[in-house]
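What follows is each chain in one-letter form.
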Amino acid sequence: MNRKGCDIEATGINYTIYTQKPQPPFKIFNKDQQFIELQPHQHQKSFSDPAPDTNPRARRVLRDVSCHAKPWEVLAIVGPSGAGKSSLLEILAGKITPQTSRICVNRKPVDKSRFKKISGYVTQKDTLFPLLTVEETLVFTAKLRLKLPKPELSSRVRSLIQELGLTHVANARVGDDRVRGISGGERRRVSIGVAVVHDPEVVILDEPTSGLDSNSAFQIIDMVKTMAETRGKTVVLSIHQPGFRIIKLFNSILLLANGTVLHQGTVDELNLSLRLIGLEPPLHVNIVEFAIDSIDTIQEQKNQKTSNLEQEPTAPTNRITQGKFTLQQLFQQSKVIDLDHDHDEKQDQDREKQQTQEQDDQERTIQDGFANSRLYETVILTHRFWKNISRTKELFACRTLQMLVSGLILGSIFYNLDMDLMGAEERVGLFAFILTFLLSTTVEALPVFLQEREILMKETSCGSYRVSSYAIANGLVYLPFLLILAVLFATPLYWLVGLNHSFLAFSRFLLLIWLILYTANSVVVCFSALVPNFIIGNSVISGVMGSFFLFSGYFVSEKGLLMNEFSGGGEGRCLEELFGKCLVTGEDLLREQGGYRKEGLFHM
Ligand SMILES: Nc1ncnc2c1ncn2[C@@H]1O[C@H](COP(=O)(O)OP(=O)(O)OP(=O)(O)O)[C@@H](O)[C@H]1O
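What you are looking at is a predicted structure, and each value in this text was computed from that prediction instead of being measured. (Residues numbered from 1 in each chain as written. Predicted model: local features only at pLDDT ≥ 70, side-chain atom pairs only at ≥ 80, totals over all residues.)

## Describing the sheet that holds strand β1 (residues 8–18)
So the rule is basically this: Two strands pair under a simple rule: DSSP has to find at least two bridges between them. The helix count covers DSSP runs of H or I at least four residues long, the strand count covers runs of E at least two residues long, and both are numbered beginning at the N terminus. By definition, residue pairs are in contact when their C-beta atoms, positioned from the backbone, come within 7 Å. Orientation is described by axes fitted as lines to C-alpha atoms, over the contacting stretch for helices, and by angles from 0 to 180 degrees between their N-to-C directions.
Across the sheet, which stays open at both edges, the four strands sit in the order β2-β1-β4-β5 with antiparallel pairing between neighbours. Each edge of the open sheet is held by one strand with a lone partner, namely β2 (58–69) and β5 (108–109). The pairing of β1 with strand β4 (residues 100–105) spans five bridges and is classified as antiparallel. By the bridge assignment for β4, isoleucine 8 is matched with valine 105. The strands that helix α2 (residues 85–92) touches are β1, β2 and β4; relative to β1, the one it contacts most, it runs at about 120°.

Structure, rendered in structure tokens:
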């Protein structure tokens, strides 16, 4: 087997976040605003930056962090809560941009988009479709990320399922907090499978064992270790309180506290470092846990040594010759030892060749961009949408019933109303009510989109498919369903009101209802999927659409009213009677209020 893999070296990572200046609750615009919340990359460019150390609103998450992850090995990032582990992983995975950093892959600087292609990132939270089975989840991901013939794709997924130890649950639903499915540990494996289905060379895992019992945690890390050892992957993971058995699986440990690196090396080197600074780990004590418990002492020692070094520039040589080491020196020493170990000229040359080959492979992947054409992506996503929808029958049954009942109730209300006695405002109100009702039935399905939004974000950020393919697939799947809803709503409403019974007029009315439902659905789904803040996005959608429908009469001239076209000019009470006059123009309304002149001037 060819020795390939990614050697990752990150140096000088400094990451500071800036919290927002408290503002009066109703003050939206503030000229003096200096801080933008939690946008480090924007902060970098957009405004003057008081030094992070003196700025009371600056929080230094990572300070001059360096780390080195080798192929075929597992690097574990450990440290107390809030040490900066997740932030470091997100930076390595290209999810956030620090103020300064240099990340090299195989000794060459790499840009974010390239790195995303060759890496798989597993977040702390599982973002999976709960109603799909394990196999379906992996098949859809594989289809989206790989361009392989069907038999090859299936065999790849099958072997991945086997590798993940999920054969016994391959046909079980993934599930989540609400839907009963596979166990938490198995779900974590599926998440890992989704991240590695395209066979990335680097696998980054944020707390892969969180919430798992010690046995499941061990199985997960063991599986990841096997992946590294058999497939040459570079694995970087963060972990809380790893057990004895787990620690043995790590090739290297990076101890992080308060955003600074206190140690990187093997467990034995960590043990040695602790002893050298006078800490004696008791026998049979978990060394990593002991180190985390002794963080304050280690940090104190480190600070002391650093200040000593600053005062005596020649001290390092002296100390080393005297046999006393700082943690930093040990870290550097271990690097030297590593280099000595690896110093085999022939091996180096081979590696260089493989790196070039690898670089070419990566180039090809980047040039290809997405694995599939837009059309094929849309087909896959439509299929996936359809599977999900067909498994949420309850939601759709509820919406269907609701539309039918609402059509009947609204129809009866209109039937009993004497339209001639209604003023313009009541008509506007009624019309707005119908539209708002239609809109709200669409917004009802938002919890489903909320869940999907995270998956969409994750999948599009790693280049699985285009957002436009998602939008088109969503529309294709919902279109027939919304037609059913439109028929159920429009039929009783139309016939109960006793409108013009021409089929053409009814078809137009139906089309209008369908169009309203579809537009509302598409706008809500696409917008809520794309806005950075879900809650604000939805409030904006609801506000804008509600206001539009409510006040649409002000902006449409009577002649141009779409509803007039539905009247058909037949006998009986026509749609114009129902809707045409419900929608009033601004001119009508102002005339009713008194104070409007033909020239458009107001009489005050
Ligand atoms: N977006 C953010 N907003 C506010 N604080 C943040 C943000 N990102 C990071 N921090 C702060 O930075 C510090 C490091 O966070 P990070 O999540 O990286 O720590 P961690 O070591 O992964 O913690 P844990 O093990 O508890 O998950 C924390 O104190 C956290 O509060």
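Anyway, onward from the coordinates.
## Digging into helix α7 (residues 214–231)
What counts, and what does not: To estimate how far a helix should reach, multiply one less than its number of residues by 1.5 Å. Burial in this document is a count-based property: other C-beta atoms within 10 Å of a residue's C-beta are tallied, and the residue is buried at 20 or more, exposed at 12 or fewer, or partly exposed in between, with C-beta positions derived from the backbone. As used here, the arc belongs to the directions running from the helix axis to the C-beta atoms.
Its 18 residues give α7 an end-to-end C-alpha distance of 25 Å, which sits within 8% of 26 Å, the value for a rise of 1.5 Å per residue. Of the residues making up α7, those classed as buried are Ala217, Ile220, Ile221, Val224 and Ala228. Looking straight down α7, one finds its buried side chains confined to an arc of 90°; they lie on one side. In this structure, α7 carries Asn215 and Thr230 as exposed residues pointing more than 90 degrees from its buried face. Elements in contact with the buried residues of α7: β3 (74–78), α6 (184–196), β7 (202–205), β8 (234–239) and α8 (244–247). Of the residues one or two after α7, glycine 232 is the one with positive phi, at around 70°.

## Focus on the packing of helix α16 (residues 393–416) against helix α19 (residues 467–496)
Heads up, the condition is: Oblique is the label for any angle not covered by the other classes, which are roughly parallel (under 35 degrees), roughly antiparallel (over 145) and roughly perpendicular (65 to 115). Crossing handedness is defined as follows: a turn of the near helix away from the far one that is anticlockwise and smaller than a right angle gives a left-handed crossing, while the clockwise case is right-handed. Each residue gets one label: Ala, Val, Leu, Ile, Met, Phe, Trp, Tyr, Cys and Pro are nonpolar, Asp, Glu, Lys and Arg are charged, and the others, such as Gly, are polar.
It is at 7 Å that the axes of α16 and α19 come closest, and there the two elements cross at 20°. Between α16 and α19, the interaxial angle falls into the category roughly parallel. Note that α16 runs across α19; the crossing there is right-handed. In the contact of α16 with α19, the residues fall into 16 nonpolar, six polar and one charged.

## Notes on the site of the ligand
The cut-off we apply is this: To decide whether a residue is near a molecule or strand, its C-beta atom is placed from the backbone and checked for lying within 6 Å of it.
Around the ligand, the structure places 13 residues, and the nearest of them are Ser81, Gly82, Lys85, Ser86 and Ser87. Among the elements of the structure, β2 and α2 are those that each provide at least two residues to the shell around the ligand. The leading source of residues in the shell around the ligand is α2, at three residues. Split into classes, the residues belonging to the shell around the ligand amount to four nonpolar, seven polar and two charged.

## What to know about α2
With six of eight residues buried, α2 lies mostly within the body of the structure. Where α2 terminates, the next one or two residues include glycine 94, which has phi positive at roughly 80°.

## Quick word on the domain arrangement of the protein
Under the convention used in this document: Domain boundaries shown here were taken from an automatic or database domain assignment.
Here the domain parsing of the protein yields domain 1 (8–349) and domain 2 (374–593). Of the residues lining the interface, 11 residues belong to domain 1; the matching set on domain 2 comes to 14 residues. Broken down by element, the side of domain 1 that touches domain 2 gets its largest block of residues, five residues, from helix α4 (residues 134–145). Looking at side-chain class alone, the side of domain 1 that touches domain 2 contains five nonpolar, one polar and five charged residues.

## Focus on the environment of glycine 475
Residue placement: glycine 475 occurs in helix α19. A tally of 18 C-beta atoms within 10 Å means that glycine 475 is categorised as partly exposed. For the pair formed by glycine 475 and asparagine 521, sequence separation is 46 residues and the distance between their alpha carbons is 8.4 Å.

## A look at the pairing of β4
Sheet analysis places β4 next to β5, joined by two bridges and oriented antiparallel. In the strand pairing of β5, cysteine 104 is matched with proline 109. The turn joining β4 and β5, which pair antiparallel and follow one another in sequence, is formed by two residues; a positive phi near 50° is taken by asparagine 106.

## Describing the sheet that holds β7
Spatially, the six strands line up as an open sheet ordered β6-β7-β8-β3-β9-β10, and their pairing is mixed. A single partner strand is all that each edge strand has here, and the edge strands are β6 (119–122) and β10 (260–265). In this sheet, neighbouring strand axes are inclined to one another by 15° on average, regardless of whether the strands run parallel or antiparallel. In terms of strand pairing, β7 meets β8 through four bridges, oriented parallel.

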